[in-house]
Amino acid sequence: IPFILVLFLTLLLLFLALFPGAFNCCTKISDEIPKGILRRVARFEIQRADGLCHLEAVILHMKGKKFCVNPWNRKVKKMMKKMKHKIHRRKSRVRKQRRTRITKQKERKQ
């Protein structure tokens, strides 16, 4: 009997290593989401209905909490679009500043 227990635990650990998201899937989604929650979202993930997860959802992350919401909700779509736009603008500004700094350093050396 101890051999069977060790074999079972080994297979369980192997499963968890190969499929780490197996227990992180949203099983229920909310159709309505309060505006207050949408304002506090730090980041979001999109869960596809393929592989281990069998439900399409948007996972909203904020300070140690996560909410699973309907990906077709208008408010959620609008929030996702705004967040992607902010992230894109932030990155482009950093690149421009870095290029300017490198150019100024080259000019000083010459």
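Let us look at the structure shown here. The structure presented is a predicted model; accordingly, all values stated were derived computationally and were not measured.

## Looking at the overall build of the protein
- Regarding its fold elements, the protein presents three helices and three strands.
- Relative to its full complement of 110 residues, the protein shows a buried share of 22%.
- If you take every contact in the protein between residues at least 6 apart in sequence, the share linking residues at least 24 apart comes to 45%.
- Carbon together with sulfur atoms contributes 59% to the accessible area of the protein, which is approximately 9,800 Å² in total.

## What about the pattern of salt bridges?
- Going through the model one piece at a time under the given rule, you end up with one salt bridge.
- Among the ionic pairs, Arg43 bridges to Glu45, the shortest N-O distance being 3.7 Å.
- Relative accessible area serves as the criterion here: at 45%, Arg43 is assigned to the partly exposed category.
- Overall, Glu45 belongs to the partly exposed group, its relative accessible area being 34%.

## A short note on the state of the cysteines
- All chains considered together, the criterion is met by two disulfides.
- For Cys25, the disulfide goes to Cys53, at an S-S distance of 1.9 Å. One quick way to see it: the torsion about the S-S bond of Cys25 and Cys53 is about -75°, and its sign makes the bridge left-handed. Separated by 28 residues along the polypeptide, Cys25 in the loop between helix H1 (2-18) and helix H2 (35-39) and Cys53 in the loop between strand E1 (43-47) and strand E2 (57-62) bring together distant segments of the chain. Note on accessibility: Cys25 and Cys53 belong to one class, buried.

## Describing the environment of Ile37
- As for its position among the elements, Ile37 is in helix H2.
- On a C-alpha basis, the gap between Ile37 and Leu60 in space is 8.9 Å, while along the polypeptide they are 23 residues apart.
- Residues in contact with Ile37, not counting those within four places in the same chain, are Met62 and Phe67.

## Some remarks on the pairing of strand E3 (residues 65-69)
- The sheet contact formed by E2 and E3 spans five bridges and is antiparallel. What sits directly across from Ile59, in E3, is Cys68.
- Taken together, E2 and the strand that follows it, E3, pair antiparallel across an intervening segment of two residues, in which Lys63 is found at a positive phi of about 35°.

Calculation rules
Residues numbered from 1 in each chain as written. Predicted model: local features only at pLDDT ≥ 70, side-chain atom pairs only at ≥ 80, totals over all residues. Heavy atoms only, no water. Helix = DSSP H or I, 4+ residues; strand = E, 2+ residues; numbered from the N terminus. Buried < 20%, exposed > 50% of the residue type's maximum accessible area, 1.4 Å probe, protein only. Contact = heavy atoms within 4.5 Å. Areas by Shrake-Rupley, 256 points an atom, 1.4 Å probe, with all protein chains shown as cover. Salt bridge = Lys/Arg side-chain N within 4 Å of Asp/Glu carboxyl O. Disulfide = S-S within 2.5 Å. Pairing = 2+ DSSP bridges.

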